[in-house]
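Next come the chains, spelled out residue by residue.
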Amino acid sequence: MVNINLAPASLRSIPFFIQSMDDSFLHSEIVFEVSEGVLIIDSMKIHVCKVGMHEILSFAIGDGVGCVLSTSGKLFVFQFEQVGDPVSTPIEIHVNSPMSMKFVDVVGGSRHFVALSESGTVVSFGDGLAGQLGHGTIKKSYDWQSGCAEVIEALDGIRVCKIAAGFRHTALLTEFGDIYTFGSNVDGQLGLAILENSNLNTTLPNLSSIELCDDSDPNNIGKKIKACNLCCGGHFTMCSKSGKVYMAGKFIPYEGSVDFFGKLFTMNDGSEEWKQIMDFGDDSIVEFYPGFWHVIFASRAVGDVGTIPTMPTSWPSIDQSIMISGAYLTDPIVVNAMKIVNASVPAELLNIPVSTYISGSEVTYKGTAASTCYWPSNLCVRSTAGTGYIEDVYTCPSAGQWGISYDDGPTSNTAALRNLLDSMSLKATFFVAGANAYQLPNEVALHDKSGHHVAVHTWTHHPLTSLTNEQIVAEIKYTEAIIYQAIGKVSTYMRPPYGDVDDRVRAIVNALGYRVVLWDKDSDDASGASTVTSTIQSWFTSTAGFVSLEHDISSITTNFATQALTAIKNLGSSFKLSIQPIATCNGHNPYSYPVSSESKSSSSLDPASTSSTIKVSVSTTTTTTTTTAISTATVTVSSYSLSSSQNSKAQITSTITVTQNKVQSSAKKTFAGMTVFIFTAMILSLLF
């Protein structure tokens with residue numbers, strides 16, 4: 001056993017490629033658990049604890065070579081003769097580029113490695129027998145002592161946000177959801193057609209498009225898919241989008257198939273490059289934990305978890321000039337939620353620098369605004385999901401829809417606005433500030449009783465990028481708790497004050513089960529300008545759908561809102577827009593608790609049950625025998641506690657054992673709000 005200091009909590013399966021005498025490749029795996037920052041590896045010993053004074057963030061292992069990524073963003077490569085032997089002295093990797101690079105991720109295949117910098121640049125090094133380095137050439141051997149990596153120049157101008165590597169192929173995901181693949185395509189793992197009598201290697205990155213060919217909606221046939229996550233195994237590539245999982249290639253690099261829940265997922269004829277193989281529901285985030293022969297899917301439903309929130313020991317100050325700090329950050333309501341965040345948000349997002357707070361909405365932003373999608377700098381929104389976050393909500397998708405919303409209440413001015421809406425049979429979204437809701441809980445209750453949607457607008461109304469990760473969590477969880485105390489419901493929507501959001505804030509909000517909600521029509525009512533009324537009335541003739549920003553924080557902003565509604569009332573039937581809550585026009589569940597009967601997610605855990613067991617039968621065949629081996633993987637899920645004194649938890653244990661092959665794999669990890677599925681396949685003839 002060896003301990004390696006690791007910064008983020010994670011669960012990983014690391015493939016080992018061991019070359020045998022007959023030049024075929026055998027495979028074993030390490031599955032390890034991270035607990036309190038210490039990595040514990042069983043069954044095989046790799047003697048790497050740290051590189052000099054550098055703490056290890058993550059690492060990748062190949063056939064006799066490994067690469068570690070330090071928390072300072074440096075890469076180090078090492079060699080070993082065979083598993084269990086001491087490794088060589090780690091050598092720092094240097095890039096043939098004048099630019100200074102800090103790396104945030106590294107992945108590896110058999111004998112090649114790919115690394116991602118914080119700016120989205122990709123470098124590669126190692127053996128490139130199949131063109132898996134992406135430089136346009138075949139490179140049979142690499143001098144591991146040189147410590148040299150090259151930038152993939154074909155991707156110049158393209159920002160990559162996710163990298164993955166298989167046996168001899170590589171896949172990259174861009175910020176716009178495009179997938180580029182290169183390397184071996186012998187089994188279609190690049191998502192490209194396998195052509196007869198052609199070179200099966202692709203040495204330059206190629207755009208691999210996924211089309212909806214079998215979607216139930218005929219209007220979507222041929223529609224291009226923008227992915228939000230991806231992974232590679234030995235001879236396959238997988239990606240996900242809105243809870244759907246797509247696959248190219250196949251699980252086994254031999255003749256064979258994997259039968260999972262009665263579906264056949266072998267794709268080796270080149271007739272179809274990508275195929276949808278799983279659907280966890282539209283509101284799901286799918287994480288991959290791939291091995292050479294198997295994939296573990298961890299699916300977390302956004303806004304459809306169905307849990308009662310924890311109540312705090314005490315409430316923060318109602319003085320919104322005071323940031324939440326001290327004992328309020330060590331309350332279980334924050335500590336337990338931080339465990340969810342640390343387990344599900346990539347370290348590179350959590351490490352985006354905190355802004356310097358000045359006053360009001362003004363901050364000095366310390367991150368790179370363009371790459372972190374910092375909204376105040378250029379109104380950047382995430383229109384597609386990415387690694388660690390889902391799409392923002394910022395408009396109504398259909399023509400003629402007006403998603404109307406009011407921020408910062410409740411106040412003494414709120415009742416008049418709500419009463420006017422009710423008299424017109426209109427429903428709105430009220431983004432409430434926790435400190436105000438604490439003082440006027442009856443106003444929050446009346447919102448709900450009247451059929452309006454109540455959503456989170458933080459406790460203190462501070463710019464969220466100026467807060468630490470713990471403070472962001474506290475702002476959301478204390479507000480969630482006070483809303484639940486008032487109406488017995490948990491919202492799925494959170495609007496950041498001033499629209500102050502970047503990918504760090506976005507990912508934390510999503511990890512806690514909320515969607516980030518912005519807007520595309522701003523009344524500017526908070527300024528008190530004389531043009532506010534005309535601005536709002538200019539929306540009346542809009543043809544495209546939109547989401548508006550107004551406030552009920554003062555008599556001035558509320559008067560602007562009531563004047564606009566009165567003008568709409570006076571227009572009568574000539575007013576053609578459909579005013580509705582934002583969740584309604586976007587087809588989202590406004591609340592995650594109680595669980596809506598209209599929920600579409602298939603991956604939600606039932607809070608009424610105490611446990612659930614999923615048994616997965618897996619069969620494999622080979623060209624040398626017709627014998628079928630059955631391996632059963634059991635996933636036990638201890639469902640969410642409904643006690644108000646505990647946070648939601650799910651303990652997941654999975655075990656796979658194939659005694660005929662002398663292969664054992666086990667994984668144990670605590671997830672919050674996640675359902676795990678396992679695909680696995682073993683070749684009967686494997687000998688170790």
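Up top you'll find the structure we're talking about.
For every chain, the first residue of the written sequence is number 1, and numbering continues from 1 onward in sequence order. Reporting of local features is limited, given that this is a predicted model, to residues whose pLDDT is at least 70; pairs of side-chain atoms are given and counted only at 80 or more, and all residues count toward the totals for whole chains, interfaces and linings. As a rule here, side-chain values cover all heavy atoms of the structure and leave hydrogens and water aside.

(A) Inspection of the overall build of the protein chain at higher detail. Along the backbone of the protein chain there are 12 helices and 45 strands. A simple rule labels every residue: compare its accessible area, found with a 1.4 Å probe on the protein chains alone, to the largest value its type can have, and call it buried under 20%, exposed over 50%, or partly exposed in between. Taken across its 688 residues, the protein chain has 58% of its residues classed as buried. In the protein chain, 65% of the contacts between residues at least 6 apart in sequence involve partners at least 24 apart. Accessible area of the protein chain: about 27,100 Å², with a carbon and sulfur share of 50%. Helix and strand assignments come from DSSP, with helices taken as H or I runs of at least 4 residues and strands as E runs of at least 2, each series counted from the N terminus. Residue contacts follow a heavy-atom distance rule, with two residues in contact if any of their heavy atoms lie within 4.5 Å. Accessible surface is estimated by sampling points in the Shrake-Rupley manner with a 1.4 Å probe; for residues, cover comes only from the protein chains shown.

(B) Layout of the environment of G166. Mapped onto the elements of the fold, G166 is located in the loop between β14 (160-165) and β15 (169-174). The buried category is assigned to G166, whose relative accessible area is 3%. For the pair G166 and F292, spaced 126 residues apart in the sequence, the C-alpha separation amounts to 7.8 Å. Aside from chain neighbours lying at most four places away, what touches G166 is G109, S110, H112, C232, G233 and G234.

(C) Fine view of the pairing of strand β16 (residues 179-184). The buried count for β16 comes to six of six residues, which makes it a mostly enclosed element. Here a strand pair is declared whenever DSSP counts at least two bridges between the two strands. A loop of four residues connects β15 with β16, the two strands running antiparallel in sequence, and G177 in this loop sits at a positive phi of about 85 degrees.

(D) Main features of the nonpolar core. Buried residues of nine kinds, namely Ala, Val, Leu, Ile, Met, Phe, Trp, Tyr and Cys, make up a nonpolar core once their side-chain atoms join them within 4.5 Å. Core analysis: the largest hydrophobic core is formed by 86 residues, its most contacted members being W402, Y406 and L565. Residue contributions to this core peak at 10 residues, all from helix α8 (residues 469-487). Grouped together as the second largest cluster of nonpolar side chains are 19 residues, V65, L69, V77 and V151 included.

(E) Examining the packing of helix α5 (residues 414-423) against helix α7 (residues 441-449) more closely. In this description, a line fitted to the C-alpha atoms serves as the axis of each element, helices being fitted only across the stretch in contact, and the angle between N-to-C directions of two axes falls anywhere from 0 to 180 degrees. Here α5 crosses α7 at 10 degrees, and the two axes come no closer than 11 Å. As far as their axial angle goes, α7 and α5 are roughly parallel. On α7, the residues touching T414, A415 and R418 of α5 are E443, L446 and H447. Here the term charged refers only to Asp, Glu, Lys and Arg, the term nonpolar to Ala, Val, Leu, Ile, Met, Phe, Trp, Tyr, Cys and Pro, and the term polar to all other amino acids, Gly among them. Considering only residue class, the contact of α5 with α7 consists of two nonpolar, two polar and two charged. Angles below 35 degrees are treated as roughly parallel, those above 145 as roughly antiparallel, those between 65 and 115 as roughly perpendicular, and all remaining angles as oblique.

(F) Representation of helix α9 (residues 503-511) in the model. Most of α9 is tucked away, with nine of its nine residues classed as buried. Every buried residue of α9 is listed here: D503, R504, V505, R506, A507, I508, V509, N510 and A511. In protein, a polar contact requires one atom able to donate a hydrogen and another able to accept it; more generally it is a pair of N or O atoms within 3.5 Å, and residues adjacent in sequence count only if both atoms are side-chain atoms. Of the residues flanking the start of α9, the one acting as N-cap is D502, its side-chain oxygen 3.2 Å from the backbone nitrogen of R504. Where α9 terminates, the next one or two residues include G513, which has phi positive at roughly 95 degrees.

(G) Expanded view of the pattern of salt bridges. A carboxyl oxygen of Asp or Glu within 4 Å of a side-chain nitrogen of Lys or Arg is what we treat as a salt bridge. All told, the structure shown has 11 salt bridges when counted by the stated rule. Across the pair D127 and R111 runs a salt bridge whose closest N-O atoms are separated by 3.2 Å. Of this pair, D127 sits in the loop between β12 (122-126) and β13 (148-151) while R111 sits in the loop between β10 (103-108) and β11 (112-117), placing them 16 residues apart in sequence. Looking at D127, the relative accessible area reads 9%, which means it is buried. A salt bridge links K244 to D279, with the nearest nitrogen and oxygen atoms 3.8 Å apart. Here K244, found in strand β22 (residues 244-249), pairs with D279, found in strand β25 (residues 275-279); they are 35 residues apart in sequence, far enough to count as distant.

(H) Spotlight on the state of the cysteines. Sulfur atoms of two cysteines make up a disulfide when they are within 2.5 Å. Counted under the stated rule, the structure contains two disulfides. Shown here is the disulfide that connects C396 with C585, its sulfur atoms set 2.1 Å apart. Residues C396 and C585 share a disulfide whose torsion about the S-S bond is about -75 degrees; that sign makes it left-handed. Taken together, the residues span a long stretch of sequence, with C396 in the loop between α4 (375-378) and β30 (401-403) and C585 in helix α12 (residues 582-586) at a distance of 189 residues. When its relative accessible area of 3% is taken as the criterion, C396 is described as buried. A relative accessible area of 6% means that C585 is categorised as buried. Described in terms of the sequence order of its bonded cysteines, the disulfide pattern of the protein chain is 1-2, 3-4. C232 takes part in no disulfide bond, and the closest cysteine sulfur, belonging to C231, lies 6.6 Å away. We classify C232 as buried; its relative accessible area is 7%.

(I) Highlighting the sheet that holds β22. The antiparallel open sheet is built from four strands, whose spatial order is β20-β21-β22-β25. Strand pairing shows two members of the sheet lacking a second neighbour, β20 (229-232) and β25, which therefore form its edges. Mean inter-strand twist for the sheet, computed between neighbouring axes without regard to direction, equals 25 degrees. In the sheet, strand β21 (residues 236-241) pairs with β22 via six bridges, with the strands oriented antiparallel.

(J) Up close: the sheet that holds β11. Strand order in the open sheet made by the five strands is β9-β13-β12-β11-β10, with mixed pairing throughout. The strands lining the two open edges of the sheet, one partner per strand, are β9 (94-95) and β10. In this sheet, β12 lies alongside β11 in antiparallel orientation, the contact comprising five bridges. Within the sheet, the bridge partner assigned to L116 lies in β12 and is V122.

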